[in-house]
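Summary of structural features
Spelled out from the first residue to the last, the chains are:
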Amino acid sequence: MKKLMLSFMTLLILASCGGDKAQESVDKIIADGNLEAINAKKTEIKEQINALSAQVALLDDVLQKNDSTKKEVLVTAMVLKDTLFKHFIEVQGNVETKQNVLIYPEYQGTLTRVLVKEGQRVSKGQTLARIDDGGLGSQVAQLEAQSALAKTTYERQQRLWEQKIGSEIQYLQAKTQYESAENAAKQLRSQLGKTAIRAPFSGVIDDVITDQGTVVAPGMAIFRIVNLNNMYVTADVPESYLSSVTPGKKVEVTLPVLGETISSKVRQTGNYINPTNRSFTVEVDVPSKNGKVKPNLTARVSINDYTAEKAILIPLNVINENSEGEQYVYTALVNGNDAQTAIAKRQIIKTGKTQGSEIEILEGLKTGDQVIVEGARSVKDNQEVRILNY
């Protein structure tokens, strides 16, 4: 360094000493007025200027590389640590229940009695309404009486036949008449049973659609019954997650209207890929808290499709990309005994999944490495930096 400064000072002294003589020579040539001599002197001076400029540039470059007093780049760095990483995919879903149905009559006639009202809780099999049977009950009673008589006749003929009294044809005729009468009565009782409208499952009468006194027929809705005990959310998930979204995966279900978030699990995944949107359906259990969760509510479903117990995460904004498409970051290697002075090193990395503003590092970094965060865009490879947050 001392030799460098000495050479520089010598150059300045020589230039200073020869300056007066050079000026006298120029003045003399100008006074003579010889144009050829003037052009030759001009060319000579330009060559001297170019030579001196090259020497000055060389000296500047050496000084810049060896000047211990130059200003360091100020950066902040983060020390990498192992952490639990959970990746979630978010999709939209709707709350549904398999027990939300309309109840239709199976018999045509006048709705004579409506036995329930809206909001009433009912049990499975409970009679909700009755339809005028149009004399069907009387016919059933008549057939039952005939069936009872046929049964008595058959039983007597059977005892006689067992005692070898009477003919076989009499016994068979009695048996046939009894079975025929019983089947006819059974069929008519089945028809009569259809005049009573019953609850298919336990739940709440959500709507009484048809009023008492209306003539009803099959296909005309009478009631809507809902059971909120078996609620679930359905959502469409892109087919790219088919292998990672499986039954048992943890899910966070957010109901924006209620301002609630419910922890649950995937209970079922569809076996069919919808060709329209290339997705499959998942079902997630959702308990109805205090009856607030209703069918057709909009839900935001966050499915935990990937978990790493010991993951290295860094901010997304510190990652750069070179011309070959490789991703890299700058790490800070401590330079000497000064823990705040370091050298920036370019490190090629391989990234994984992203969550929010952070990304998982699969290769290239390890626990304990210092990654430059603030100032990462302004440093260069092997540049000396000063870490502010050490």
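Everything here concerns the structure above.
Here goes a summary of the coordinates provided. (Residues numbered from 1 in each chain as written. Predicted model: local features only at pLDDT ≥ 70, side-chain atom pairs only at ≥ 80, totals over all residues. Heavy atoms only, no water.)

Notes on the overall build of the protein
Each helix and strand counted, the protein has four helices and 22 strands in total. Burial status across the protein gives 30% buried among its 390 residues. In the protein, of all internal contacts separated by at least 6 residues, the share reaching a separation of at least 24 is 72%. Just so you have it, the protein exposes about 24400 Å², and 49% of that area is on carbon and sulfur atoms. (Helix = DSSP H or I, 4+ residues; strand = E, 2+ residues; numbered from the N terminus. Buried < 20%, exposed > 50% of the residue type's maximum accessible area, 1.4 Å probe, protein only. Contact = heavy atoms within 4.5 Å. Areas by Shrake-Rupley, 256 points an atom, 1.4 Å probe, with all protein chains shown as cover.)

Considering the packing of aromatic side chains
Here a ring pair, both rings aromatic, is described through the centre-centre distance and the interplanar angle of the planes. With the rule as written, the count across this model stands at five aromatic pairs. An angle of 85 degrees between the planes, with centres 5.7 Å apart, marks the rings of tyrosine 328 and tyrosine 330 as edge-to-face. By the burial criterion, tyrosine 328 is buried, and tyrosine 330 matches it. Each residue in the set Tyr154, Trp161, Tyr171 and Tyr178 is aromatic and connected to the rest through ring pairs, giving one cluster. We note arginine 346 situated over the ring of tyrosine 328; from NZ or CZ to the ring centre the distance is 4.5 Å. Across the ring face of tyrosine 306, the terminal group of lysine 353 is positioned such that the distance to the ring centre comes to 5.9 Å. (Phe/Tyr/Trp six-rings, centres within 6.5 Å; stacked < 30°, edge-to-face > 60°. Lys NZ or Arg CZ within 6 Å of the ring centre and 35° of its normal.)

Here we look at the side chain of glutamine 370
Among the structural elements, glutamine 370 can be located in strand S21 (residues 370-372). Overall, the relative accessible area of 15% leaves glutamine 370 in the buried class.

Considering the packing of helix H3 (residues 136-162) against helix H4 (residues 168-193)
Remark: H3 packs on H4, axes separated minimally by 8 Å, with the N-to-C direction vectors making an angle of 155 degrees. If you check the angle between H3 and H4, you find them roughly antiparallel. Of the two elements, H3 crosses H4, and the hand of that crossing is left-handed. Residues of the contact of H3 with H4, tallied by class, amount to 14 nonpolar, 10 polar and six charged. (Axes fitted to C-alpha atoms, helices over the stretch in contact; angles between N-to-C directions. Parallel < 35°, antiparallel > 145°, perpendicular 65-115°, else oblique. Left-handed = near helix turned anticlockwise from the far one by under 90°. Nonpolar A, V, L, I, M, F, W, Y, C, P; charged D, E, K, R; others polar.)

Considering H4
With 26 residues, H4 extends 37 Å from end C-alpha to end C-alpha; this agrees with the ideal 38 Å at 1.5 Å per step. Restricting attention to buried positions, one finds in H4 the residues Tyr171, Ala174, Tyr178, Ala181, Ala185 and Leu188. In the core, the buried residues of H4 are packed alongside H3. (Expected span 1.5 Å × (residues − 1).)

Points about the nonpolar core
By size, the foremost hydrophobic cluster in this structure holds 23 residues, and its most contacted members are Ile314, Val329, Leu365 and Ile372. Of all the secondary structure elements, the ones that give two or more residues to this core are strand S16 (298-315), strand S18 (327-334), strand S19 (341-355), strand S20 (358-363), S21 and strand S22 (384-387). With four residues, the single largest contributor to this core is S18. With residues up to four places along the chain from it excluded, the contact list for leucine 365 reads Leu80, Ile312, Ile314, Val329, Thr331, Gln347, Ile349 and Val371. (Core = buried A, V, L, I, M, F, W, Y, C linked by side-chain atoms within 4.5 Å.)

Here's the deal with the pattern of salt bridges
Taken as a whole and judged by the stated rule, the model has seven salt bridges. Linking arginine 189 and glutamate 182 is a salt bridge whose minimum nitrogen-to-oxygen distance equals 3.4 Å. Classification of arginine 189 by relative accessible area gives partly exposed; the value is 33%. Connected through shared salt-bridge partners, Lys98, Arg267, Glu283 and Asp285 make up one network. (Salt bridge = Lys/Arg side-chain N within 4 Å of Asp/Glu carboxyl O.)

Here we look at a nonpolar patch on the surface
A cluster of nonpolar side chains, contributed by Leu102, Tyr104 and Ile209, occupies part of the molecular surface with about 250 Å² of accessible area. Relative to the helices and strands, tyrosine 104 is located in the loop between strand S4 (100-103) and strand S5 (109-114). (Patch = residues over 30% accessible without salt bridge, like charges linked within 9 Å, V, L, I, M, F, W, Y side chains within 5 Å.)

By themselves, these observations are geometric and do not establish any function.
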